[in-house]
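Each chain, letter by letter, is given below.
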Amino acid sequence: MTINIGFVMDPIESVNPKKDSTLAMMRAAKKRGWNIIYMQQSDLFIENSQAFAEQQLVALTEDQNSWYQLGEKSTLPLTDIDVIMMRKDPPFDNEYIYSTYILEIAEQNGCLIVNKPQSLRDANEKLFTAWFPDCPPETLVARKESLFRDFLAKHQDIIVKPLDGMGGVSIFRVKIDDPNVGVIIETLTDNGQQMAMAQRFIPEITEGDKRILVINGKPVPFALARIPAKGETRGNLAAGGRGVSVPLSENDYKIVEKVAPTLVDKGLIFVGLDVIGNYLTEINVTSPTCIQELDAANNLDIASDLMDVIEAKLQ
C-alpha cells in the first residue's frame, strides 16, 4: 500500500531548493513512491470534532528553477494521510499552537505526526534546555529588568534573545558597559510584559554554533558548524553565518546521550540541537534544518534515514 505523507509548511514557492530540509524529506519520500501532500497552516480546520485540510498533491521535478507542480486542491480528513510532517517555521505564536491542536485530533485518530503536537507545545526551543541542567551555559529566563541587570553584572558579557524567534532575529550581545542595555531589555521583554532569555556569552562561538541533527534519539555523526560572519556574534546561516561540516566531538555525543531519552519519550523524532563550545544552547523541534548541507559534505542521506524511522513506526 502506498504511503501518503503530508507536509504542513510555509508557502512552497518560498522554498530554496538548494538548501531546504523539507524538500530533502519530500525527495526521500518520492524515492519510495509515496504520495506527497502539501498544506499550509491556513488550510487546516476542524469541523464537528474532525480534523480536515485543503490539500494538494506535489509532483517533484529535477528542474531547479521549476522543481514542483501542484495538483488541484481537495478537502479531505487528515486521517486520510498516514504521516504528517509539521514543518512550519517559527514564530511560535497562537496560530502555530492552534495548528498543533488540529494535528493532535488527527493523531488521536491514527495519523502519525512528526513531531508530536503536544511536545511541540511543551518543548519551547529556548526554554527546553532547562530540563537538562548539566548541558546549557548559565541561563536566565525572566521579564523583570532588574533580573537581567543582575545577570549581566554577574557575567559581564551575555546574549539576550526572545523565546519564540528563529534565524538569529532579535539576538543581542550585551556587555556590562553597553549604553543600550536598558532599551534592549525593554524591547525583548516588551517593557516587562513578556519573557525573554539571557545566557552567558560563550567565546567559542568563533568556532561555530554547531547544529546536531538527532533522528529518533540517534545523532547524525556530523554537525554543521555555523561560523559567524566578520563582526557578528550570530552563527545563524540566515544572519550571514558560514556552514562547515565537522564530526561530532566526544562532548557532543555526551550531550546527545543526556537529551535523547527525553526526546524519544516525547515523540520528538527529528530534532536539531544547537551546541556552542561544550554547551547546549537550544533544542530545535519545530523545523530543524541543515540536511542538504550535511548530505553534500559527507555523502549522507539524512532524510532517507528519517523516512526509515517513519516507515518502521507506521508498520
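Look a little higher up for the structure.
In this report, we go over the structure that sits alongside the text. (Residues numbered from 1 in each chain as written. Predicted model: local features only at pLDDT ≥ 70, side-chain atom pairs only at ≥ 80, totals over all residues. Heavy atoms only, no water.)

**Some words on the side chain of Arg 226**
Step number 1: Note on placement: Arg 226 falls in strand β15 (residues 222-227).
Step number 2: Since its relative accessible area comes to 5%, Arg 226 is described here as buried.
Step number 3: A distance of 3.0 Å separates a polar atom in the side chain of Arg 226 from a polar atom in the side chain of Asp 274. (Helix = DSSP H or I, 4+ residues; strand = E, 2+ residues; numbered from the N terminus. Buried < 20%, exposed > 50% of the residue type's maximum accessible area, 1.4 Å probe, protein only. Polar contact = N/O pair within 3.5 Å; in protein donor to acceptor, adjacent residues only side chain to side chain.)

**So, the packing of helix α1 (residues 21-31) against helix α8 (residues 302-314)**
Step number 1: Taken N-terminus to C-terminus, the directions of α1 and α8 make an angle of 60°; their axes are 8 Å apart at the nearest point. By the criterion of interaxial angle, the relationship of α1 to α8 is oblique. Along this stretch, α1 crosses α8, giving a crossing that reads as right-handed. Contacts from Ala 24, Met 25, Ala 28 and Ala 29 in α1 reach Ala 303, Ser 304, Leu 306 and Met 307 in α8.
Step number 2: Residues of the contact of α1 with α8, tallied by class, amount to 7 nonpolar, 1 polar and no charged. (Axes fitted to C-alpha atoms, helices over the stretch in contact; angles between N-to-C directions. Parallel < 35°, antiparallel > 145°, perpendicular 65-115°, else oblique. Left-handed = near helix turned anticlockwise from the far one by under 90°. Contact = heavy atoms within 4.5 Å. Nonpolar A, V, L, I, M, F, W, Y, C, P; charged D, E, K, R; others polar.)

**Thoughts on the packing of aromatic side chains**
Step number 1: Scanning the entire structure with this criterion turns up 5 aromatic pairs.
Step number 2: For the pair Phe 92 and Tyr 96, a centre-to-centre distance of 4.8 Å together with 40° between the ring planes defines the contact as tilted.
Step number 3: An aromatic cluster is built from Phe 128, Trp 131 and Phe 132, whose rings are joined through pairwise contacts.
Step number 4: Seen from the ring of Phe 201, Arg 173 lies directly overhead, with NZ or CZ sitting 3.7 Å from the centre.
Step number 5: In this structure, Arg 200 is placed above the aromatic ring of Tyr 279, and the distance from its NZ or CZ to the ring centre is 5.1 Å. (Phe/Tyr/Trp six-rings, centres within 6.5 Å; stacked < 30°, edge-to-face > 60°. Lys NZ or Arg CZ within 6 Å of the ring centre and 35° of its normal.)

**Overview of the sheet that holds strand β11 (residues 172-175)**
Step number 1: Read across the sheet, 4 strands follow the order β9-β12-β10-β11 without closing on themselves; strand pairing throughout is antiparallel. Strands at the two margins of the open sheet, each flanked by one partner only, are β9 (139-142) and β11. Here the average twist between neighbouring strands, direction ignored, is 25°.
Step number 2: By the bridge criterion, 5 bridges tie strand β10 (residues 157-162) to strand β12 (residues 196-200) in an arrangement that is antiparallel. (Pairing = 2+ DSSP bridges.)

**Examining the pattern of salt bridges**
Step number 1: Counted under the stated rule, the structure contains 19 salt bridges.
Step number 2: Where Lys 116 meets Glu 107, a salt bridge forms, and the shortest distance between an N and an O atom there is 3.2 Å.
Step number 3: Residue class for Lys 116 comes out partly exposed when judged on its relative accessible area of 28%.
Step number 4: A single network of salt bridges, built from pairs that share partners, joins Asp 209, Arg 211, Arg 226 and Asp 274. (Salt bridge = Lys/Arg side-chain N within 4 Å of Asp/Glu carboxyl O.)

**Comments concerning helix α4 (residues 145-155)**
Step number 1: The set of residues buried in α4 consists of Phe 148, Phe 151, Leu 152 and His 155. Here the buried residues of α4 occupy an arc of 100° about the axis, which is enough to place them on one side. Turned more than 90 degrees off the buried face of α4, the exposed positions are Asp 150 and Lys 154. (Arc of directions from axis to C-beta.)

**Description of the side chain of His 155**
Step number 1: Tracing the chain through its elements places His 155 in helix α4.
Step number 2: The residues contacting His 155, other than those within four sequence positions of it, are Glu 138 and Arg 200.

**A few points about the nonpolar core**
Step number 1: Core analysis: the biggest nonpolar cluster contains 38 residues, and Met 39, Leu 78, Ile 84, Leu 273 and Ile 283 have the highest contact counts within it.
Step number 2: Every element with two or more residues in this core is listed here: β2 (35-39), β4 (50-60), β7 (83-86), α2 (94-108), β13 (209-215), α6 (250-265), β17 (270-276) and β18 (279-284).
Step number 3: Core analysis: the second largest hydrophobic core is formed by 37 residues, Met 25, Ala 28, Leu 112 and Ile 310 among them. (Core = buried A, V, L, I, M, F, W, Y, C linked by side-chain atoms within 4.5 Å.)

**Some thoughts on the pairing of β12**
Put simply, side chains in a regular strand alternate between the two faces of the sheet.
Step number 1: Of all the 5 residues making up β12, 4 are buried; the element is thus mostly covered by neighbouring parts of the structure.
Step number 2: Bridge count between β9 and β12: 4 bridges; the pairing is antiparallel. Of the residues in β12, the one forming a bridge with Val 141 is Met 197.

**A short note on the environment of Gly 277**
Step number 1: If you trace the backbone, Gly 277 turns up in the loop between β17 and β18.
Step number 2: Contact partners of Gly 277, with chain neighbours within four places excluded, come to Glu 204 and Asn 251.

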